[in-house]
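Coordinate analysis (summary)
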Amino acid sequence: MTAMILAGHGPWHHGNGPGWWPVIPLAFGLFWLLVLGGGGYLLWRRTKSPASAESMLADRYARGEIDEEEYRERLAVLRS
């Protein structure tokens, strides 16, 4: 009798509709998309070139934080 019941519906179905089987592959795929996307984002952030020292120095000079003499001295040090 038990074999007939199991053969008709299966041990996981119980006759209550399709169940969760369509959701699990979608969730699994979404999980891997998030993992790969997060890894790609971290790699992208890590490989972005930071602002060069010369451009940072030029920004400070443009904002008036350092005067022309100090700018030229520091620029000479950076280029040597």
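Located above this text is the structure these notes cover.
Report on the accompanying structure. Predicted model, so just to flag it, every value in this text is computed and none were measured.

Attention shifts here to the overall build of the protein chain. A count of helical and extended segments in the protein chain gives 4 helices and 0 strands. Looking at the protein chain as a whole, 6% of its 80 residues are labelled buried.

A few words on the pattern of salt bridges. Under the counting rule described, the total for this entry stands at 5 salt bridges. Where arginine 60 meets glutamate 65, a salt bridge forms, and the shortest distance between an N and an O atom there is 3.1 Å. Of the residues examined, arginine 60 reaches a relative accessible area of 29% and is grouped as partly exposed. Judged by its relative accessible area of 46%, glutamate 65 falls in the partly exposed class. Two residues, glutamate 68 and arginine 72, come together in a salt bridge whose shortest N-O distance is 3.0 Å. With glutamate 68 and arginine 72 both in helix 4 (residues 68–79), this residue pair falls 4 residues apart, about one helical turn. With a relative accessible area of 40%, glutamate 68 lands in the partly exposed category. When salt bridges with common partners are traced through the structure, they connect Arg60, Arg63 and Glu65 into a single cluster.

Considering the arrangement of structural elements, one finds glutamate 70 in helix 4. Since its relative accessible area comes to 26%, glutamate 70 is described here as partly exposed. Taking C-alpha positions, glutamate 70 is 9.9 Å from leucine 57, a pair spaced 13 residues apart along the chain. At a separation of 2.6 Å, a polar atom in the side chain of glutamate 70 contacts the side chain of arginine 74.

Before going further, it helps to examine a nonpolar patch on the surface. A cluster of nonpolar residues, Phe28, Phe31, Trp32 and Val35, forms a patch on the protein surface that exposes about 420 Å² of accessible area. Topologically, phenylalanine 28 is positioned in helix 2 (residues 23–47). Accessibility expressed as a relative area gives 53% for phenylalanine 28, which makes it exposed.

Now for the packing of aromatic side chains. Within the structure shown, the criterion is met by 4 aromatic pairs. Seen in terms of ring centroids, phenylalanine 28 and tryptophan 32 are 6.2 Å apart; in terms of plane orientation they differ by 80°. Their pairing is edge-to-face. With phenylalanine 28 and tryptophan 32 both in helix 2 and 4 residues apart, the pair spans about one turn of that helix. Residue class for tryptophan 32 comes out partly exposed when judged on its relative accessible area of 41%. Centre to centre, the rings of tyrosine 61 and tyrosine 71 are 4.8 Å apart; their planes meet at 20°, and the pair counts as stacked. Of this pair, tyrosine 61 sits in helix 3 (residues 53–63) while tyrosine 71 is found in helix 4, placing the two residues 10 residues apart along the sequence. Taken together, the ring pairs connect Phe28, Phe31 and Trp32 into an aromatic cluster.

What counts as what
Residues numbered from 1 in each chain as written. Predicted model: local features only at pLDDT ≥ 70, side-chain atom pairs only at ≥ 80, totals over all residues. Heavy atoms only, no water. Helix = DSSP H or I, 4+ residues; strand = E, 2+ residues; numbered from the N terminus. Buried < 20%, exposed > 50% of the residue type's maximum accessible area, 1.4 Å probe, protein only. Salt bridge = Lys/Arg side-chain N within 4 Å of Asp/Glu carboxyl O. Polar contact = N/O pair within 3.5 Å; in protein donor to acceptor, adjacent residues only side chain to side chain. Patch = residues over 30% accessible without salt bridge, like charges linked within 9 Å, V, L, I, M, F, W, Y side chains within 5 Å. Areas by Shrake-Rupley, 256 points an atom, 1.4 Å probe, with all protein chains shown as cover. Phe/Tyr/Trp six-rings, centres within 6.5 Å; stacked < 30°, edge-to-face > 60°.

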